[in-house]
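Examining the three-dimensional arrangement
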Amino acid sequence: MSKLSTIQTFLQEKGAEVAIISSPTTINYLTGYYGDPHERQQFLFVFSDKDPILFLPQLDQVRASQILSFPVIGYLDSENPWEKIKAILPVKGTGPIYAEFDNLNLTKFNGLKTVFSGDFKDLTPTINHMKLIKSEDEIKKMLVAGDFADKAVQVGFDAISLEATELDIIAKIEYEMKKQGVDKMSFETMVLTGDNAANPHGIPGMNRIENNALLLFDLGVETLGYTSDMTRTVAVGRPDAFKKDIYAICLEAQLTAQDFVKPGVTAAEVDQAARHVIEKAGYGNYFNHRLGHGLGMEVHEFPSIAAGNDLVIEEGMCFSIEPGIYIPGKVGVRIEDCGYVTKEGFQPFTKTSKELLYY
Ligand code: MN
Ligand code: MN
């Protein structure tokens, strides 16, 4: 069944006429067309028993029409989008309206309310649920994105020098990825040296790479519409035994959780598998975030691998396993692989060694 027909069946079950999709990523997920309307209006209207309509800025109409086999209707900057939607709509819009609450700002919501008089209901949970289990084709694309992340982190390793700044290394990584045809990085690349790595959301800057310290790389790419995300921490020079111990504990936590994953365990149990290792070593307070997050077309999706989430892990789910230990002023380590779940367990998208590497 196509993804659009899944939405249509959902609408029929709910006795609703129309779903309004506003997230460009969700429109891409459902139809294969991606366009960012910026501050203009773009909506995919999916009807329970009629062809969908994509409504968008006129300047994107030609490209969208070439990709899609259903009506694409553009509006000019000189036109009022809400009046135009009202004029083209094949339904009255008086029944329940399913919309992506996580993506509607007040301007869009107020505009849509001039067109639709029915009750607005949230489509976001349904969309999140659809995205939760990846198809073979999606997993193939995520393996490609993972392969590029492995290449990117190697470019970073090769650029390590005591003369370089964090930003120098980031520039080399991103330049090389663009040259290899990657659309973009999936988030701001992080290269963090010494104390800066001890901040789980540290910001890279003009800091020179510290000697006898750990250096953290967190990066990912977006290619073929899918993302990757990985973290490696390496040694520069001769870090002391304490730093190496912290690294070993983090690695044990990461591998323990990875081995623990299989269909039937819960997300909370996966988090606990890693957390137990770090707590037992006495550093539980320094692992102050969830173990992982889902990813796919976006770098953060469901499921959340966290305490309190009793979601049962199934084949085809994709998520990160990324324990970290951050001791302010002393050391920061995070090790992250994303992967997919099979009958046998967790298969990482990224393959770069996790033994402590020395530069
Ligand atoms: Mn991550
Ligand atoms: Mn990451």
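Just so it is clear, the model here is predicted, and its values are computed rather than measured.

Describing the coordination of the manganese ion (ligand 2)
- Each protein donor to the manganese ion (ligand 2) is listed here as D218 (OD), D218 (OD), D229 (OD) and E336 (OE); together their distances run 2.1 to 2.7 Å.
- Taken as a pair, the manganese ion (ligand 2) and the manganese ion (ligand 1) show a spacing of 3.2 Å, with D229 coordinating each metal. Of this pair, D218 sits in strand β9 (residues 213-219) while E336 sits in the loop between β17 (331-334) and β18 (337-342), and the two are 118 residues apart along the sequence.
- Exposure remark for D218: the relative accessible area of 6% places this residue in the buried category.

Quick notes on the domain arrangement of the chain
- Domain annotation of the chain identifies domain 1 (3-131) and domain 2 (133-348).
- Distance between the C-alpha centres of domain 1 and domain 2: 35 Å.
- Contacts between the two partners involve eight residues from domain 1, matched on the other side by eight residues from domain 2.
- Across the domain 1 to domain 2 interface the summed buried area is about 660 Å²; carbon plus sulfur atoms make up 48%.

What to know about the coordination of the manganese ion (ligand 1)
- Surrounding the manganese ion (ligand 1) are the protein donor atoms D229 (OD), H293 (NE2), E322 (OE) and E336 (OE), at 2.1 to 2.2 Å.
- We note that the donor set of the manganese ion (ligand 1) lies within a single chain, spaced as D-x63-H-x28-E-x13-E.
- With relative accessibility at 3%, the residue H293 sits in the buried group.

Some remarks on helix α10 (residues 267-280)
- Compared with an ideal rise of 1.5 Å per residue, which puts 14 residues at 20 Å, α10 spans 20 Å between its outermost C-alpha atoms and is within 8% of the ideal.
- A maximum bend of about 25° is found in α10 at A274.
- Where α10 is buried, its residues contact α9 (241-260), β14 (301-305) and β16 (324-327).
- Positive phi appears at G282, one or two residues downstream of α10, with a value of about 95°.

Observations regarding α9
- For α9, which comprises 20 residues, the first-to-last C-alpha distance of 28 Å matches the rise-based estimate of 28 Å (1.5 Å per residue) to within 8%.
- Turning to α9, its buried residues are K243, I246, Y247, I249, C250, L251, A253, Q254, A257 and Q258.

Some thoughts on the packing of helix α1 (residues 3-14) against helix α2 (residues 24-31)
- Put simply, α1 and α2 touch, their axes get as near as 7 Å, and they point 105° apart. Classified by the interaxial angle, the pair formed by α1 and α2 is roughly perpendicular. Here K3, L4 and I7 of α1 come into contact with α2, specifically with Y29, L30 and T31.
- Considered class by class, the residues forming the contact of α1 with α2 number four nonpolar, one polar and one charged.

Definitions and cut-offs
- Residues numbered from 1 in each chain as written.
- Chains lettered and ligands numbered in written order.
- Predicted model: local features only at pLDDT ≥ 70, side-chain atom pairs only at ≥ 80, totals over all residues.
- Heavy atoms only, no water.
- Donors = N, O, S within 2.8 Å, 3.2 Å for Na, K, Ca; no water.
- Helix = DSSP H or I, 4+ residues; strand = E, 2+ residues; numbered from the N terminus.
- Buried < 20%, exposed > 50% of the residue type's maximum accessible area, 1.4 Å probe, protein only.
- Domains from an automatic or database assignment.
- Contact = heavy atoms within 4.5 Å.
- Buried area = accessible area lost by both parts, 1.4 Å probe.
- Expected span 1.5 Å × (residues − 1).
- Bend = angle between axes of the 7 residues up to and from the residue.
- Axes fitted to C-alpha atoms, helices over the stretch in contact; angles between N-to-C directions.
- Parallel < 35°, antiparallel > 145°, perpendicular 65-115°, else oblique.
- Nonpolar A, V, L, I, M, F, W, Y, C, P; charged D, E, K, R; others polar.

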